[in-house]
Amino acid sequence: MIENLEFAFDGAWRVLLVSLVFGAGLPVVFALGVRSLAWGAGGSAEVSGAAGNAAGKMIAGMCLIVVLAGVALGITIIAAAGFGKAVSFEHGYPTIVAKES
Amino acid sequence: MTAATLILILVIVTALAFDFTNGFHDTGNAMATSVATGALRPKVAVALSAVLNLVGAFLSVEVALTVTNSVIKIQDSSGAPKSDLTANDGYALLLIILAGLVGGIVWNLVTWVIGLPSSSSHALFGGLIGSTIAALGLSGVNWNGDGSELDGVIGKVILPAVASPVIAGVVAAVGTWLIFRVVAGVAERFTETGFRWGQVGSASLVSLAHGTNDAQKTMGVITLALIAGGQWDDTGAVPFWVKLSCALAISAGTYAGGWRVMRTLGKGLVELRSPQGMAAESSSAAVILVSSHFGFALSTTQVVTGSIIGSGVGKPGADVRWGVAGRMAVGWVFTMPAAGLVGAAMWWLGDLLGGYAGPIAIVAVLVAASGFLYFRSTLQPVSADNVNDEWTGTPKAARAKEGAST
C-alpha cells in the first residue's frame, strides 16, 4: 500500500510535468500560429476580411511544423507500444528501444 | 461437443461483445468535443474514430497476455493459466472469465443507458474481480502487488483513477487559459477554422491510442481462454483471427456511436468552443501517451472527463456543470463494485448449474439484460440527430438530480 502510494506519487508529478509541456504547450504554439496568421488583419471588429501578411504566414507555418513534430512523436509512441517497443529520450532526442520490464 | 468446448465458444463470443460495448461506450472520449463544437459532423466523427480504432488495434503486434494479472491471480507471470484451474480443459478458469465479462458488459450497458461516461476497463476488471472472489475467495485478488512496482487493484486501478482526472484537468485548464490569452482579439474566422483542425488532429490521436490499448485487453482475454481450453499454446503470440475479430468488434462498436455518453461528455459538462475542444483533446492525448510511456495504466474515460472539465475551468467566464461531474464521479466509484457484484452472481449461477447448463444460463441472463437495457434506451433515444441539442433537453432524471445537487 505505502509502496504503491510512493510509486503513484512519483509517477503522477512526472506525468503532469511532461503532459503540461506537450498537452498545454503544443496547443499554445498552435494558438500562436493562428494569431500570427491573422497578423495585420482580422481584429475581432474587422470588416475587411483581408488575409494576414506574409511574415505572419511564415511564423504560422513554423508553429505548425513544431506542432506536427509533436504529433509525429505521439504517433511514434503509440506505434512503438503496439510493437512491444518504447521510445527513449536518453540521448536527448527520441529513439525507439526495446521495452523495459 | 463437450461442456468445456461450449464454454470456450461462449467466452469468445462474450469477449467480442464486450469489445463492441467498449467501442461504443468510448467513442465519446475521442469525438465528443469535436461533435459538440461542430468541428466534425456526428457521422463523420464516428467513422473517423472507427477507422483509427481499427488501425490502432492492428498496431498491437505484441499483445501482453498478462492483462488480468494486475488485478486477479488466475495466470502466472508468463501469461499461462494457473495449473490448478486448467483441469477439465480449463472449465473452472473459463467460467470465471465468462462471468467477469458479463459483469463488465452489463455495467457498460447500464452506464450507456443513463449516459454516464465510465471506464470500460474498470468494468471489465470489476467483473473479473467479482467472479474471482466468488470462485477463489478474497485471496484470488491481487490487491496491492508485491511492492516492487505500481501494481494490484490499488496501484493499477484506484490510485490512477484518483490522479488521472486531476492531472488531465490541470493540463487542459492551463492550455485553455493560455490559448484564450494568445488569441484574444483575433477575428473568429481565423480561430474557428484553425482550432477545428487542431481539434480533429488531437481527437484522432486519442482514438488511435484507444484502439491500441483497449482492443489489446480483449485479445489478451480471448487468447488466455484459448490457452486454458487447450486450443493454443504460445504465450508469446496471439492468433491472427483473434486480432482481426477484436479489431473489427471495437471498430464496429465505435462506429455504432455511443451517442448517449457522447452527449453527456460534449454538452453536459461544459458549453465547449473549439479552442477549448482542442485544449481538452490535446491534454487527453498527452496524458494518455505520457502515462503509457511511463508505464501507468490510465482510464481514457477519466482522463477525457478531467480534460473537458479543465477546459471549462480555464476559460474565463465559462461554467462547469459540477452537478453532472459529481454524478460521474459517483458512477466511477460504483463501477468496480457493481460490475463485480454482477460477475460474482453470474459465477454462482454458472457454478450452481454446472456442465452445459451453467454457461448457457449466464449467457441467457446477459441476453435478457441487454435486451431490457436496449429497450430502455429506445424510450429516450439519443442519436446522431439530437446528440448536440441544448443540454436542458436531456432526460428528466438527469436534470432533476443536477438541480438537486446544486
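If you're wondering where the values come from, they're calculated on a predicted model, not measured in any experiment. (Residues numbered from 1 in each chain as written. Chains lettered and ligands numbered in written order. Predicted model: local features only at pLDDT ≥ 70, side-chain atom pairs only at ≥ 80, totals over all residues.)

Draft legend 1. Spotlight on the overall build of chain B. Looking only at helices and strands, one finds 13 helices and zero strands in chain B. Listed N to C, the secondary structure of chain B is α-α-α-α-α-α-α-α-α-α-α-α-α in terms of helices and strands. Rg of the C-alpha trace for chain B: 21 Å, near the compact-globule value of 22 Å for 406 residues, within the 12% margin. Projected onto its principal axes, the C-alpha positions of chain B cover 70 × 45 × 35 Å. Looking at chain B residue by residue over its 406 residues, the buried ones come to 62%. Across chain B, every contact between residues at least 6 apart in sequence was considered, and the portion connecting residues at least 24 apart equals 84%. (Helix = DSSP H or I, 4+ residues; strand = E, 2+ residues; numbered from the N terminus. Rg over C-alpha atoms; globule rule 2.2 N^0.38 Å. Buried ≥ 20, exposed ≤ 12 C-beta atoms within 10 Å, placed from the backbone. Contact = placed C-beta atoms within 7 Å.)

Draft legend 2. Structural detail: the pairing of strand 2 (residues 95-98) of chain A. All names here are of chain A. Examined bridge by bridge, strand 1 (residues 85-88) and strand 2 share four bridges and lie antiparallel to one another. Residue pairing in the sheet places Val87 in a bridge with Ile96 of strand 2. In this structure, the hairpin formed by strand 1 and strand 2 is closed by a connection of six residues, where Gly92 is found at a positive phi of approximately 95°. (Pairing = 2+ DSSP bridges.)

Draft legend 3. Representation of helix 6 (residues 188-228) of chain B. Residues and elements named next belong to chain B. Here helix 6 contains 41 residues, and its C-alpha end-to-end distance of 59 Å stays within 8% of the 60 Å for a straight helix at 1.5 Å per residue. Across the 41 residues that make up helix 6, a large majority, 34, are buried. Where helix 6 ends, the next residue or the one after it, Gly230, has phi of about 75°, a positive value. (Expected span 1.5 Å × (residues − 1).)

Draft legend 4. Examining the interface of chain B and chain A more closely. If you look at the interface, chain B gives 52 residues, while chain A gives 41 residues. Elements with a contribution of two residues or more to the side of chain B that touches chain A: helix 2 (42-59), helix 5 (152-182), helix 6 and helix 9 (274-293) of chain B. Considering each element in turn, the side of chain B that touches chain A owes the most residues, 13 residues, to helix 5 of chain B. Grouping the amino acids of the side of chain B that touches chain A by side-chain chemistry returns 30 nonpolar, 19 polar and three charged. (Nonpolar A, V, L, I, M, F, W, Y, C, P; charged D, E, K, R; others polar.)

In short, geometric facts, not functional conclusions.
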